[in-house]
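Structural overview
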Amino acid sequence: MRHLLSAGDLSLAETTGILDLAEQMSLVQARPVKKLPALRGRTVVNLFFEDSTRTRSSFEIAGKWLSADVINISAKGSSVSKGESLRDTVLTVAAMGVDALVIRHHASGAPWQVTQWIDAQVLNAGDGTHEHPTQALLDAFTLRRHFRRTAPGQIDFAGRTVAVVGDVTHSRVARSNVLLLQTLGARVVLVAPPTLMPSGVDSWPVETSHDLDAVLPEVDAVMMLRVQRERMSGGYFPTPREYTVGYGLTRTRLGLLRPDAAICHPGPMNRGLEISADAADSGRSRILDQVAAGVSVRMAVLYQLLGGEDDTPAGGSADARPRTEGRREAPAPDPRGQR
Amino acid sequence: MSDADQRRPRGESPAEPATRPARLVLDSDQIQRACARMAHQILEANRGAAGLVLVGIPTRGVALADRLARAMSEVEGVDIPVGALDITLYRDDLRRHPTRTVGRTHLPLSVDNAVVVLVDDVLYSGRTVRAALDALGDLGRPRAVRLAVLVDRGHRELPIRADHVGKNIPTRANERVSVRLAEVDGVNEITISPGDDPVPTADGLELPDPVDGAL
C-alpha cells in the first residue's frame, strides 16, 4: 500500500485486512507493555494545519506503540504562522528524513498535492471538506464489532443500513464513510436539510432523505455529523433550535431507533445541537468505542504503510529532495497490489 | 510462521507442493508418536502439568500445541491451557520484505509466573524463537520458557536450542523442510525437497551438530 489519501482507494480486501489487523492491534491496549517493535527506526511526522484532539493524539499514540518516532508539528507555533508555504513546510520536514507524513489541511486535496512533492508515505488525516479516510476506517471497525456482537454469525455489512445525518456538505467524514461503506456493501442513507445536502449528491452511491423520523426506524446504525460552524458562512439553517428540531438526535427520536442500533459521532460533539446528551450517553452510543478504535485502526494503517521494505529506492536524504519536473509529470507506476 | 519461512522469499509456503521430488521423512503415525513422546518429555521435565502453558507460533505451531495439550491431558487428566503467539511484528527482517500479514495472538491466561512452552514446527535459524522470546517478554514475565519443536533441522544463526525435539533431521541449508499437518494442510507428513541453489550458512557448516533428544 502506498499513501492513504482516500477511503475510495481501498479495495474490499485491503479494508478487511486493515480491520482484521486493527483487531490484533487493539489487544495491545490491554497489555502490560504497550509497545510493538514493528516500526522501530521509522519516523512519522504529524503535520496539522487544523485543530485536532483525537486524530492527532491517536496517530501519535499509534506510532509510538509501534515504536516509531513521532513528531508533532502544528501550524500554530511553527513557521507556517510566519507565512511559509505548504510546499516549503513539507519539503523542510521531508528533508529531515521522515518515513511518513500525517497531514491535516484546510484545503481539499492538499495531501494528494504533497505526494507530488515528496517520497515519504502520506496519510490524509482530513483535508478540507474532502476526505478523512482513517475516520471512515475506525467507524467501520466500530460498526463491525457492534454488528458482530448484536448479531453473531451474520455477514458484517451486506444488507445493513447506515444513516449519515447532518451537515453532509461540509463533512469529510461523510464522504469517506460513503466510499468505505459502499466498498463494504452497506446501504447508506444521507439525511440532511436541503441546504446542507451537497450538490451533485445524485451521483453518489447513496439514498437521500430530508426526513430523519422516517429513516431512523429502519437503520442498523446512525452517524450524527458535527455541525461545522467554522466552515459555515451562515444561512444554512435559520436557528440552531430549528436545526435540532429537524435533524438532531433528540431524546424523542431515540425512541424511534431499534434497540440494537448503534449511535456514532466522529466528535467533537455539539451537545444539544446535533445530538442530545441522552443519545450521546445512552447504552446504544458507540462514541467512546470509536475513540478507542482510532488508535487500533491507525496502528494498522501505519503498519500497512511502513511495516515492510521501502518501495522507493533507499538513499536517506535523497528521498527528501524535491522531485524534478519530469518525474512529476510521469509519476512512478502505483505499486499498490505488490505488497 | 516457521524458521524456514524466514529464509524464504515471501509467497512460498511450506505447504506448497515441491516441483522436484520430495523425500518423506516422517509419516502420519511417526508424527503422532513424536508428539506423544514430546508430551511425555514436557510433563516429565516439569514434574507434572502444574503451571504449564503451551504457546504455539502460528500457523502450524498452534496446531502442534493443541496436539501436545491433548496428549498431555490424556496422561494427567487435566486441561492444559493453549495459546497462540504471532511474532510477525517482532521479526528482524520486516524491512526486507513487503508488508507481512499479521496473525492472531491469543493467550488463555496471564503468562506471569507460568512455565511457558513455546511450540513451533521447524527450528532452523532460531530467529523466530528470538522474536517469540521478545514478544513473550512484552506480555508478562514467565517463570520459565521452554522450547518444543517437531523438527530440528540445524543451521542455527543464534544461540538458541530446543528443550524438546520430535525429530532431528540433518539437512543441507538449501533444502526445504515441509511440515504438513492435517489441521492446516489436510495431511500429516514431513518431507524434504532439494533447494534450488546452495545457500551459505552462518557458520559455513552444512550439517548440524547432533542435538540431545535425537530420535
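1. Remarks on the nonpolar core
By size, the foremost hydrophobic cluster in this structure holds 115 residues, and its most contacted members are A:Leu143, A:Leu190 and A:Val222. When residues of this core are assigned to their parent elements, the largest contribution, 11 residues, is made by helix H11 (residues 287-306) of chain A. Counting the residues that make up this core, at least three belong to each of domain 1 (7-132 + 294-327) and domain 2 (134-290) of chain A. Membership of the second largest hydrophobic core comes to 34 residues, among which are B:Leu64, B:Val122, B:Val151 and B:Ile169.

2. A closer look at the packing of aromatic side chains
Under the definition given, this model contains 3 aromatic pairs over all chains. Measuring from centroid to centroid gives 5.6 Å for A:Phe147 and A:Phe157, while their planes differ by 75°, and the two rings are edge-to-face. Taken together, the residues A:Phe147 in helix H5 (residues 133-150) and A:Phe157 in the loop between H5 and strand E5 (161-165) connect sequence positions 10 residues apart. Each residue in the set A:Phe237, A:Tyr243 and A:Tyr247 is aromatic and connected to the rest through ring pairs, giving one cluster. The side chain of A:Arg160 reaches across the aromatic face of A:Phe147, ending 4.1 Å from its centre. In this arrangement the basic side chain of B:Arg153 is found over the ring face of B:Tyr124, its NZ or CZ atom lying 3.9 Å from the centre.

3. Let's talk about the domain arrangement of chain A
Residues and elements named next belong to chain A. What the domain assignment reports for chain A is domain 1 (7-132 + 294-327) and domain 2 (134-290). Computed from C-alpha coordinates alone, the two centres of domain 1 and domain 2 are separated by 27 Å. Across the contact, 29 residues belong to domain 1 and 25 residues belong to domain 2. A buried area of about 2,300 Å², summed over both sides, lies between domain 1 and domain 2, and 58% of it is on carbon and sulfur atoms. The interface formed by domain 1 and domain 2 includes 3 salt bridges.

4. Brief notes about the sheet that holds strand E1 (residues 23-26) of chain B
All names here are of chain B. With respect to topology, 3 strands assemble into an open sheet ordered E1-E8-E7, the strand pairing being antiparallel. Two strands in the sheet have a free side with no partner beyond their single neighbour: E1 and strand E7 (176-180). Each adjacent strand pair in this sheet contributes to an overall mean axis angle of 30°, direction not counted. Here helix H2 (residues 28-46) sits on the sheet in contact with E1, E7 and strand E8 (189-193), set at roughly 30° to E1.

5. Points about the sheet that holds strand E3 (residues 100-105) of chain A
Residue and element names in this part refer to chain A. Pairing in this open sheet of 4 strands is parallel, and the strands run E2-E1-E3-E4 from one edge to the other. Of all strands in the sheet, those with a lone pairing partner are strand E2 (69-74) and strand E4 (121-127), marking the two edges. Neighbour-to-neighbour, the strand axes of the sheet open up by a mean angle of 15°, direction not taken into account. Alignment of E3 against E4, held across 5 bridges, turns out to be parallel. The residue of E4 that forms the bridge with His-105 is Asp-127. Relative to the sheet, H11 contacts strand E1 (43-48), E3 and E4, its axis offset from that of E4 by approximately 150°.

6. Some details on the environment of A:Arg149
Residue and element names in this part refer to chain A. When you line up the elements, Arg-149 lands in helix H5. For the pair Arg-149 and Arg-160, spaced 11 residues apart in sequence, the C-alpha to C-alpha distance is 14 Å. Every residue in contact with Arg-149, bar those within four places of it in the chain, is listed here: Arg-286 and Asp-289.

7. Structural notes on helix H6 (residues 172-184) of chain A
Every α-helix carries 3.6 residues per turn, so stepping three or four residues along brings you back to the same face. All names here are of chain A. Here H6 contains 13 residues, and its C-alpha end-to-end distance of 18 Å stays within 8% of the 18 Å for a straight helix at 1.5 Å per residue. By the burial criterion, the buried members of H6 are Arg-172, Val-173, Ala-174, Arg-175, Ser-176, Asn-177, Val-178, Leu-180, Leu-181 and Leu-184. The backbone nitrogen of Val-173 has a side-chain oxygen 3.3 Å away, supplied by the residue at the start of H6, namely Ser-171.

8. Remarks on the pattern of salt bridges
Residue and element names in this part refer to chain A. Enumeration over the complete set of coordinates arrives at 28 salt bridges over all chains. For the salt bridge of Arg-160 with Asp-220, the shortest nitrogen-to-oxygen distance reads 3.4 Å. Taken together, the residues span a long stretch of sequence, with Arg-160 in the loop between H5 and E5 and Asp-220 in the loop between helix H7 (212-215) and strand E8 (221-224) at a distance of 60 residues. Close ionic contact of Glu-218 with Arg-187 constitutes a salt bridge, the shortest N to O distance being 3.2 Å. In this pair, Glu-218 is assigned in the loop between H7 and E8 and Arg-187 in strand E6 (residues 187-191), connecting sequence segments 31 residues apart. Relative accessible area serves as the criterion here: at 30%, Arg-187 is assigned to the partly exposed category. It is possible to trace a salt-bridge network through shared partners that takes in Arg-160, Asp-220, Arg-258 and Asp-260.

9. Observations concerning the packing of helix H2 (residues 54-65) of chain A against H11(A)
All names here are of chain A. At their nearest, the axes of H2 and H11 sit 8 Å apart, and the two run at 50° to each other. Taken together, H2 and H11 sit at an angle that is classed as oblique. H11 is crossed by H2, and the crossing has right-handed handedness. Residues Arg-54, Thr-55, Ser-58, Phe-59, Ile-61, Ala-62, Gly-63 and Trp-65 of H2 form the contact with H11, whose participating residues are Val-291, Gly-294, Val-295, Arg-298, Met-299 and Leu-302. Here the residues of the contact of H2 with H11 sort into 8 nonpolar, 4 polar and 2 charged.

10. Looking at the pairing of strand E4 (residues 115-123) of chain B
Residue and element names in this part refer to chain B. In terms of burial, E4 is largely enclosed, as 9 of its 9 residues are buried. Relative to E4, strand E2 (residues 52-56) runs parallel, the two sharing 5 bridges. Paired with Val-53 across the bridge in E4 is Val-116. Where E4 and strand E5 (residues 144-152) come together, 8 bridges link them in parallel fashion. Within the sheet, the bridge partner assigned to Val-122 lies in E5 and is Val-151. Regarding topology, helix H4 (residues 127-139) serves as the crossover connection from E4 to the parallel E5, and that connection is right-handed.

Calculation rules
Along every chain, residues carry numbers that run from 1 in the direction the sequence is written. Think of it this way: whatever chain is written first is A, whatever ligand is written first is 1, and the rest follow in order. Totals for whole chains, interfaces and linings use every residue, but because this is a predicted model, local features are given only for residues with pLDDT of at least 70 and side-chain atom pairs only at 80 or more, for both listing and counting. Neither water nor hydrogens contribute to the side-chain values; these are computed over all heavy atoms in the structure. For this analysis, a nonpolar core means a set of buried residues of the types Ala, Val, Leu, Ile, Met, Phe, Trp, Tyr and Cys, connected via side-chain atoms within 4.5 Å. Under the scheme applied here, a residue whose accessible area is under 20% of the maximum for its type counts as buried, over 50% as exposed, and between as partly exposed, the area being computed with a 1.4 Å probe on protein chains only. In this text, helices come from DSSP runs of H or I with a minimum length of four residues, and strands from runs of E with a minimum of two, each type numbered from the N-terminal end. Where a domain begins and ends is set by an automatic assignment or by a domain database. Two aromatic rings, drawn from Phe, Tyr or Trp (for Trp, its six-membered ring), form a pair once their centres lie within 6.5 Å of each other, and the interplanar angle then sorts them: stacked below 30 degrees, edge-to-face above 60, tilted otherwise. By definition, being over a ring means that NZ of Lys or CZ of Arg is both within 6 Å of the ring centre and within 35 degrees of the ring normal. Contacts between residues were defined by any pair of non-hydrogen atoms, one from each residue, lying within 4.5 Å. Once two parts are brought into contact, the accessible area they lose, counted with a 1.4 Å probe and summed over both, makes up the buried area. The salt bridge definition used is simple: a Lys or Arg side-chain nitrogen within 4 Å of an Asp or Glu carboxyl oxygen. Being paired, for any two strands, means DSSP has found at least two bridges between them. To obtain each axis, a line is fitted to C-alpha atoms, and for helices this fit is confined to the stretch in contact; angles are then taken between N-to-C directions over 0 to 180 degrees. Take the number of residues in a helix, subtract one, and multiply by 1.5 Å to get its expected span. We call two N or O atoms a polar contact when they sit within 3.5 Å, provided that within protein one can donate a hydrogen and the other can accept it, with sequence-adjacent residues counted only if both atoms are side-chain atoms. Roughly parallel means an angle under 35 degrees; roughly antiparallel means over 145; roughly perpendicular covers 65 to 115; every other angle is labelled oblique. Should the near helix be turned counterclockwise from the far one by less than a right angle, the crossing is left-handed, whereas a clockwise turn marks it as right-handed. Classification used: nonpolar for Ala, Val, Leu, Ile, Met, Phe, Trp, Tyr, Cys and Pro, charged for Asp, Glu, Lys and Arg, polar for all others including Gly. Think of it like this: strands point away, you trace from the first strand over the helix to the second, and a clockwise trace means the crossover is right-handed.

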